[in-house]
Amino acid sequence: RRVFVFFDPQCPHCAALWQAAKPLKSQARFIWIPVGLLNATSTLQGATILASPDPIAAMDQHEASLSAKQGGIKAADNIDEQKAAVAANTQLMNRYGFGGVPVVVGNHAVSGEVVVREGSMPTAALASALGLQVPAGN
């Protein structure tokens, strides 16, 4: 099961959804798609995460830095290809007409219906929207 998430690295709501999705990763593969909507730093940080040999660790590092009010991951050098990918992701998101980030797109685990949700949500609401089991304690 794949769930796509359009996110902006500078978006605090996206950071909250990153944390909310973690307890569900045994039930679905969340594919995080960086876009550059909020500012120029968004594109640079998104490209840096894409360029990382371990994007999940880079995203965790980035989110920890943002939570500590340290601005997020430092932009890497030689990321032109990844900056172009972030720009293409942003165009794709805009072409679909999504109004903001984060945007969750996937299929409901039970009905198979396409699910599109804009905005952050806690783990239980995310699980419910996707037809996943709510993990104990969430």
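To be clear, the structure that these remarks concern was listed above.
Predicted, not measured: the structure shown is a model, and the values here were computed from it.

J.: Account for the overall build of the chain, naming residues and giving values.
T.: Counting its secondary structure elements, the chain contains five helices and four strands. From first element to last, N terminus to C terminus, the chain shows the α and β order β-α-β-α-α-α-β-β-α. For the chain, the spread of C-alpha atoms along the principal axes amounts to about 45 × 35 × 25 Å. Of the contacts made within the chain by residues no fewer than 6 positions apart, 65% connect residues no fewer than 24 positions apart. Of the roughly 7,300 Å² of accessible surface on the chain, 52% is carried by carbon and sulfur atoms. Put simply, the chain has 10 plus and 9 minus side-chain charges, and the middle of one group is 5 Å from the middle of the other.

J.: Go over helix α5 (residues 123-130) with me, naming the residues and quoting the values.
T.: Among the residues making up α5, those that are buried are T123, L126, A127, A129 and L130. Within α5, the buried residues cover an arc of 165° as seen down the axis, which keeps them to one side. The inward-facing, buried residues of α5 contact β1 (2-7), α1 (12-21), β2 (29-34), β3 (103-107) and β4 (114-118). With its phi angle positive at about 70°, G131 sits one or two positions after the end of α5.

J.: Account for the nonpolar core, naming residues and giving values.
T.: Core analysis: the biggest nonpolar cluster contains 32 residues, and F30, W32, V104, L126 and L130 have the highest contact counts within it. Looking at this core, the elements that each hand over two or more residues are β1, α1, β2, α3 (55-67), β3 and α5. The contact partners of W32, leaving out residues within four places of it in the chain, are V5, F7, C14, L17, W18, A21 and M59.

J.: Residue-level account of the pairing of β1, with values.
T.: Pairing between β1 and β2: six bridges, direction parallel. Following the sheet pairing, F7 is matched in β2 by P34. In this view, the connection linking β1 to its parallel neighbour β2 by way of α1 has right-handed handedness.

J.: Account for the pattern of salt bridges, with residues named and values stated.
T.: In the structure shown here, the tally under the stated rule is two salt bridges. As a salt-bridge pair, K22 and D60 come within 2.7 Å of each other at their nearest N and O atoms. One end of the pair, K22, is in the loop between α1 and β2; the other, D60, is in helix α3, with 38 residues separating them in the sequence. Judged by its relative accessible area of 31%, K22 falls in the partly exposed class. Between D80 and K83 there is a salt bridge; the shortest N-O distance is 3.4 Å. With a gap of three residues between them, D80 and K83 both fall in helix α4 (residues 80-96), about one helical turn apart.

How each quantity is defined
- Residues numbered from 1 in each chain as written.
- Predicted model: local features only at pLDDT ≥ 70, side-chain atom pairs only at ≥ 80, totals over all residues.
- Heavy atoms only, no water.
- Helix = DSSP H or I, 4+ residues; strand = E, 2+ residues; numbered from the N terminus.
- Contact = heavy atoms within 4.5 Å.
- Areas by Shrake-Rupley, 256 points an atom, 1.4 Å probe, with all protein chains shown as cover.
- Lys, Arg positive; Asp, Glu negative; His and termini not counted.
- Charge placed at Lys NZ, Arg CZ, Asp CG, Glu CD.
- Buried < 20%, exposed > 50% of the residue type's maximum accessible area, 1.4 Å probe, protein only.
- Arc of directions from axis to C-beta.
- Core = buried A, V, L, I, M, F, W, Y, C linked by side-chain atoms within 4.5 Å.
- Pairing = 2+ DSSP bridges.
- Right-handed = clockwise from strand over helix to strand, strands pointing away.
- Salt bridge = Lys/Arg side-chain N within 4 Å of Asp/Glu carboxyl O.

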